[in-house]
Amino acid sequence: MLTLFSFFRLWLLPACVLLWSGMAAAADYVVIVSARSPVTALRAEQVAAIFLAQTGYFPGGEEAVALDLPVGSPLRDAFYYKVAARSPALMKAYWTKMVFTGRGQPPRELPSSAAVRRMVADNPAMIAYIDRSALDASVKAIQVTP
Amino acid sequence: MNTRQETVRARWLRRGLDTHVSLPLFALLLLVAIWVVTFHEIDAEREHAQEAATDSLHEMLGTYEAQVARSLDGIDQTLRMLKYAVERKGALGALPELGREGLLPPGVLFVVSIVDRNGMTVASNPKAVPISVADQHYFRFHAERDTGATYVSPATRDAANSEWHLHFTRRLDDDSGNFAGIVIVEADPAYFTSSYERSRLGERGTLGLVGADGIVRALRTGDKMSFGQRLDAGIGKYSGMRELHGIGLNVLIGLDETELMAGFERQRNEKMWEAAILSGALLVFTGLLWLWSWQGARHRAHMRRAQETYAAASAASLDAFFVMREMRNVAGGIVDFKIVDANVRAEKMTGFSKDKLCSKTLCGLMPQARENGMLEHLVEVMRVGGVHEQEWQSNVPQLRAKWLHQQVVAVEGGLVAIVRDISERKLAEESMLHLAHHDTLTGLPNRSLISDRLDLTIAQAQRSGGSVLVAFIDLDGFKLVNDGLGHNAGDELLKVVAERMAGCLRACDTVGRFGGDEFVLLLTEPGSAVDAAPVLERVREAVLQSISLCGQEVQVSCSIGVAVYPSDGGDAETLLMNADAAMYRAKEKGKNNCQFYTREMNASIEEKLVLLEGLRSALDEGQFRLVYQPKVDLHSGRVFGVEALVRWDHPEHGVIGPDRFIPLAEESGMIVALGEWILRSACAQNKAWQNAGLQPLCVSVNVSPRQFEEARLVERVQQALDDSGLAPQWLELEVTEGVIMRDLQQAVAKMAQVRAMGVSLSIDDFGTGYSSLSALKSFPISTLKIDKSFVRDLGRSSGDEAIASSIIGLAHRLRLRVIAEGVETEQQRSFLRENGCDEMQGYLFSRPLPPQQLAALLRAPTVRAA
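Participant: Explain the overall build of chain A to me, using residue names and the numbers behind them.
Facilitator: Looking only at helices and strands, chain A has 6 helices and 7 strands in total. If you list the helices and strands of chain A from N to C, you get α-α-β-β-α-β-α-α-β-α-β-β-β. Partitioning the intrachain contacts of chain A with sequence separation of at least 6 by distance along the chain shows that 74% fall at a separation of at least 24. Here chain A displays about 7,300 Å² of accessible surface, and carbon together with sulfur accounts for 62% of that area.

If you want it as structure tokens, here you go:
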């Protein structure tokens, strides 16, 4: 909670976002890559850079392709809140500009954590977040350090 | 006139060239230039800013158009893809199929929906509640016609999506070509304005989409989003709109003018400030420079005025000005002076023009300056400083003046010499000095010069051991010539005598006139004083030569008194005094002789001084008394009168005769008071005798020259008679010839007055003076008295006898009585009686007697018979 509070202080998030975060805190996501991927740990901003289409590569130089869960899923909102410190509205504004100006497209959306896990498992370039409960050996959770 | 105009023009030109005039003009020009350039630059900037704004607008419009076109193209592609998928897989299978392939647009931005022919949404991504859109405009639009194109609806809201959205729709057809529903891509209007960037569009820029129908699909102005309205306001100055073909949309970009021009405005302000500061600095700088130059100009004008004033003053000055600059040698010593300026007087004095003078040095002009001390003096002045004045006699031929007065003032690096020609003044001084030291009449040295010379001569003699003779010369009988022939004759006589005396002298001797008829000789004699005696003798004889004055031969003599240095005195004063005393002795010795000073002379002078002193108090103290000498009728032997004679009973010296003190009384003026006393006493005594019963006598009183000339004589005589009560016929006044002859007319008038009173008059000492016989007849006198000098030798000198008898004869013919005085012998009485003389007085009959004895004598009958 202390971390959340400090985020609030840092980003001046509206009260509703705070309220929503409190609720979303129940959803526990995990960032995953293919089990075949050499990546084991990334810093939060490195993860954010890939998910916000600011880079197409892992820090090691391998190609990186992000996958998203559908809009409105609590896990998605929690992820972006945590990794990119952006609310859904801010994420929408971000992508609006990125897409309109042609600088990037949001990650492909898959309907569920399981679908995501399956796709990641097959593709070593991919990176995504899934519900911790959906985690299995086909993928590996990587450590996201702040 | 023409010249004057030119001068005016020249003056204006000079003023224009003056820095303090041209500087402000130049500064003004510079100021104008600054502002012209500034405004020009601002104009250029504005133009540039406007061009840049237009360019940037067009560029942004292009960019935005491309962005919008691409987005619309993407949306259109999605719609086509949907349509294709629906037509292939059916409404329900289409979206999952596309989703699998990853062909659906990102749900975060776009909502994709499929609507059946009844208007119900059958599928959407992201998932949404199914709603009916049958009454929506876009649905009806597609249901009614098949355009084959994408329709863009204005922003709407519905139950499925509560936010405002633009709906991009496309018609679905079934196999037979009938309306089968629509596919929708919904997008937030803000999506199309998301490329708004503050850095390019500013805070109040405008960006948006406007439908061909004029309804705004999406519009962002600054941070404000709007849509749905009609674009009513015309587009602004910096705005552009472009049509997107085939979709019925226009892109719009507007820029805010104030924002656009803000940079320019800032720049403009900066430039204005720069220009203002530059102008201010220029003004301040010019002002300071002007002040400085104006002060300089004023200073120069002041200097010029001072110089002009100096030039005018020096040109008009009577003095010559030489301005000189020092010239030094390598050792630093002054070796010469360079003339740098001179005035008109200096030109006149030197005879050189100013230019020529200024090209010369002092020693170049006057080479003598090195020898005669002039240069030395000037160098000294430079060393000491200050003002130095001196007068000097010029021996420099280059300066055309004999005497010069110079004033030298040391100034920095040189000196100013002010030289005045004082020759005339010196000449005047010399002549004044000559006048002061010489007698104007004879041209001989006067008393003061003689004294100086005597001092000098004495000093010389003291050194060389010689002797000096001081001879005091007084002319005898000069007074007679002066009185008788007039002052002009007297002056002429003095001149001639002076010439003669000068002619007798040796080169080393001096003759001077002391005043009146007194002359002084200074004779220097290296040996004995006696050696100078011939000179004195020559002088005496030269004077004695007769002189022709006014057609008359006149002869005068001189009495000379000599005092000798060192025996008769050690200083000028004593010598002159002693010489004077010796001269008096010479006079006493019968004139026309020369006496050397002896010590006894001083004694007589001392005695004289003592008497003179006693005389002052003698009258008050009653030391005078009268004695009376009887006058006897030669025929009857009867005493008919007496002559009053004065005696002085001096308390120390005993009885003193009138011959000793009367001249002193004459000299001192005491004679007037003494004479009056005698007159009154004699009258009173005569009256007393008459009162005592003696037979009446006539009393004779001597009147001295001074007494006779005194204005109140007649008054005094009358007063004496009145006071004593004596009848006038018993008084007789005896007057000397000389007195009468001094001023004949006045004397005769005065005698007539006395005679009119009834008082008799007689002429005393007849025959000794220069009586004019012709005048004698007009004198109102009754008696002539024969002087005792003629009587003395009667019976021994035939000459005197002849004179006496002639006087007696003459008097009788003029009906005058004759009395002889000083008759001492019987022989004299006999001669006088035989020759018809009327009366006599003298020791033969009686010496002068005091009043009591005389009374006794008169009472004794025996005497009468004598």
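From this point on, the discussion continues.
Participant: How would you summarise the pattern of salt bridges if you had to cite specific residues and measurements?
Facilitator: Pairs can form between side chains of opposite charge whenever their charged atoms are close. Residues and elements named next belong to chain B. Summed over the entire model, instances satisfying the criterion amount to 56 salt bridges over all chains. Across the pair Lys83 and Glu87 runs a salt bridge whose closest N-O atoms are separated by 3.2 Å. Of this pair, Lys83 and Glu87 are both found in helix 2 (residues 19-101), 4 residues apart, which corresponds to roughly one turn of the helix. For Glu87, a relative accessible area of 41% corresponds to the partly exposed category. When the shortest N-O distance is used, the salt bridge between Glu732 and Lys631 registers 3.1 Å. A residue pair is termed long-range when its members are at least 10 positions apart, and Glu732 in strand 27 (residues 731-736) and Lys631 in strand 23 (residues 624-633) qualify at 101 residues. As far as burial versus exposure is concerned, Glu732 and Lys631 are alike and both buried. Through salt bridges that share partners, Lys631, Glu643, Glu732, Glu734, Lys785 and Glu821 make up one connected network.

Participant: Go over the sheet that holds strand 18 (residues 518-525) of chain B, please, and point to the residues and values.
Facilitator: All names here are of chain B. Read from one edge to the other, the open sheet built from 5 strands follows the order 17-18-16-21-22, with strand pairing classed as mixed. Two strands bound the open sheet, and with one partner strand each, they are strand 17 (510-515) and strand 22 (594-596). Neighbour to neighbour, the strand axes of the sheet diverge by 20° on average, direction disregarded. Here strand 21 (residues 557-565) runs beside strand 22; their pairing, made up of 3 bridges, is parallel. The partner of Ile560 across the bridge, within strand 22, is Cys594. Sitting on the sheet, helix 15 (residues 487-504) is in contact with strand 16 (467-476), strand 17 and strand 18, with an inclination near 5° to strand 18.

Participant: Describe in detail the confidence of the model for chain B, supporting the description with residues and values.
Facilitator: Detailed conclusions should not be drawn from predicted coordinates in areas where pLDDT is low. When pLDDT is averaged across chain B, the result is 86; 96% of the residues are at 70 or more. For this predicted complex, the interface confidence reaches an ipTM of 0.78, while the overall pTM sits at 0.46.

Participant: Which residues make up the interface of chain A and chain B, and what values do they have?
Facilitator: Often, the extent of an interface is quoted as the loss of accessible area on bringing the components together. Of the residues lining the interface, 14 residues belong to chain A; the matching set on chain B comes to 24 residues. Overall, the association of chain A and chain B removes approximately 1,500 Å² of surface from exposure, summing both partners, and the carbon and sulfur fraction of that is 61%. Counting across the chain A and chain B interface gives 2 salt bridges. For Asp188 of chain B, the salt bridge identified is with Lys92 of chain A, shortest N-O distance 3.3 Å. Those elements that place two or more of their residues in the side of chain A that touches chain B are helix 5 (88-100) and strand 4 (108-109) of chain A. When residues in the side of chain A that touches chain B are grouped by element, the largest group, 6 residues, is from helix 5 of chain A.

Participant: Tell me about the nonpolar core, and name the residues and values.
Facilitator: A general trend in soluble globular proteins is that nonpolar side chains are found buried together. In this structure, Ile127 of chain A together with Phe168 and Phe192 of chain B are the most contacted members of the largest nonpolar core, which totals 84 residues. Beyond its immediate sequence surroundings of up to four residues, Phe192 of chain B is in contact with Phe100 of chain A together with Tyr64, Ser71, Leu72, Ile75, Leu166, Phe168, Ala187 and Leu209 of chain B. If you look at the next biggest cluster of nonpolar residues, it comprises 78 residues, including Ile671, Phe708, Leu721 and Ile740 of chain B.

Participant: With reference to specific residues and values, describe a positive patch on the surface.
Facilitator: All names here are of chain B. Taken together, the side chains of Arg11, Arg14, Arg300, Arg304 and Arg305 define a basic patch exposed on the protein surface. Those elements that provide at least two residues to the positive patch are helix 1 (2-17) and helix 7 (262-316). Considering each element in turn, the positive patch owes the most residues, 3 residues, to helix 7. Here Arg305 is to be found in helix 7.

Participant: Go over the packing of aromatic side chains with me, naming the residues and quoting the values.
Facilitator: The tally for this structure, following the rule as stated, stands at 26 aromatic pairs over all chains. With a centroid separation of 5.4 Å and 45° between ring planes, the pair formed by Phe624 of chain B and Phe661 of chain B is classed as tilted. Of the two residues, Phe624 of chain B is situated in strand 23 and Phe661 of chain B in helix 19 (residues 658-668); the sequence distance between them amounts to 37 residues. Exposure remark for Phe661 of chain B: the relative accessible area of 0% places this residue in the buried category. Cluster of aromatic residues (ring-pair linked, three or more members): Phe100 of chain A together with Tyr64, Phe110, Phe168, Tyr191 and Phe192 of chain B. Positioned above the aromatic ring of Tyr94 of chain A, the side-chain terminus of Arg86 of chain A is 4.7 Å from the ring centre. Seen from the ring of Trp403 of chain B, Lys426 of chain B lies directly overhead, with NZ or CZ sitting 4.4 Å from the centre.

Participant: Explain a negative patch on the surface residue by residue, including any values.
Facilitator: Residue and element names in this part refer to chain B. Together, Asp452, Asp455, Asp571 and Glu573 line one region of the surface with negative charge. Inspection of the secondary structure puts Asp452 in helix 13 (residues 447-464). Residue Asp452 is classed as partly exposed on the basis of its relative accessible area, which comes to 38%.

Participant: Residues and numbers for the environment of Ala312 of chain B, please.
Facilitator: Inspection of the secondary structure assignment puts Ala312 of chain B in helix 7. Taking C-alpha positions, Ala312 of chain B is 9.4 Å from Asn343 of chain B, a pair spaced 31 residues apart along the chain.

Participant: Give me unusual backbone geometry: which residues, what numbers.
Facilitator: Glycine aside, a negative phi is what most residues show, and trans is what most peptide bonds show. Residue Asn125 of chain B is joined to Pro126 of chain B through a cis peptide bond whose omega torsion reads -5°. Note that Pro126 of chain B resides in the loop between strand 2 (121-125) and helix 3 (137-144). Residues Tyr565 of chain B and Pro566 of chain B are joined by a peptide bond in cis, for which omega reads 5°. Even without glycine at this site, Ala53 of chain A takes up a positive phi of about 60°. Inspection of the secondary structure assignment puts Ala53 of chain A in the loop between helix 3 (44-51) and strand 3 (65-68).

Participant: If you had to explain helix 27 (residues 798-813) of chain B to someone new, which residues and values would you point to?
Facilitator: Residue and element names in this part refer to chain B. Compared with an ideal rise of 1.5 Å per residue, which puts 16 residues at 22 Å, helix 27 spans 22 Å between its outermost C-alpha atoms and is within 8% of the ideal. Burial in helix 27 covers these residues: Asp800, Ala804, Ile807, Ile808 and Ala811. Down the axis of helix 27, the buried set is contained in an arc of 95°. They therefore lie on one face. Along helix 27, the residues that are exposed and aim more than 90 degrees away from the buried face are Ser798 and Arg813.

Participant: Run through the environment of Val481 of chain B, naming residues and quoting values.
Facilitator: Residues and elements named next belong to chain B. Looking at the element boundaries, Val481 is found in helix 14 (residues 478-485). The buried category is assigned to Val481, whose relative accessible area is 6%. Residues Val481 and Val554, spaced 73 residues apart in sequence, show a C-alpha to C-alpha distance of 7.9 Å. Apart from residues no more than four positions distant in its own chain, Val481 is found in contact with Gly486, Leu493, Leu549, Val554 and Val556.

Participant: Help me get a handle on the pairing of strand 24 (residues 639-650) of chain B, residues and values and all.
Facilitator: Residue and element names in this part refer to chain B. Counted residue by residue, strand 24 has 10 buried out of 12 residues, so it is predominantly covered. Bridge count between strand 23 and strand 24: 9 bridges; the pairing is antiparallel. What sits directly across from Gln629, in strand 24, is Glu643. Counting the residues between successive antiparallel strands, the hairpin from strand 23 to strand 24 contains 5 residues, one of them, Gly637, with a positive phi of roughly 75°. One ladder, built from 4 bridges, connects strand 24 with strand 26 (residues 698-703); its direction is parallel. The residue bridging Ala644 from the neighbouring strand is Val701, located in strand 26. Pairing geometry for strand 24 and strand 25 (residues 654-656), over 3 bridges, is antiparallel. Bridging from a neighbouring strand, Asp649 pairs with Val655 of strand 25. Counted between consecutive antiparallel strands, the loop separating strand 24 from strand 25 contains 3 residues.

Reading the values: rules and limits
- Residues numbered from 1 in each chain as written.
- Chains lettered and ligands numbered in written order.
- Predicted model: local features only at pLDDT ≥ 70, side-chain atom pairs only at ≥ 80, totals over all residues.
- Heavy atoms only, no water.
- Helix = DSSP H or I, 4+ residues; strand = E, 2+ residues; numbered from the N terminus.
- Contact = heavy atoms within 4.5 Å.
- Areas by Shrake-Rupley, 256 points an atom, 1.4 Å probe, with all protein chains shown as cover.
- Salt bridge = Lys/Arg side-chain N within 4 Å of Asp/Glu carboxyl O.
- Buried < 20%, exposed > 50% of the residue type's maximum accessible area, 1.4 Å probe, protein only.
- Pairing = 2+ DSSP bridges.
- Axes fitted to C-alpha atoms, helices over the stretch in contact; angles between N-to-C directions.
- pLDDT = per-residue confidence, 0-100.
- Buried area = accessible area lost by both parts, 1.4 Å probe.
- Core = buried A, V, L, I, M, F, W, Y, C linked by side-chain atoms within 4.5 Å.
- Patch = residues over 30% accessible without salt bridge, like charges linked within 9 Å, V, L, I, M, F, W, Y side chains within 5 Å.
- Lys, Arg positive; Asp, Glu negative; His and termini not counted.
- Charge placed at Lys NZ, Arg CZ, Asp CG, Glu CD.
- Phe/Tyr/Trp six-rings, centres within 6.5 Å; stacked < 30°, edge-to-face > 60°.
- Lys NZ or Arg CZ within 6 Å of the ring centre and 35° of its normal.
- Expected span 1.5 Å × (residues − 1).
- Arc of directions from axis to C-beta.

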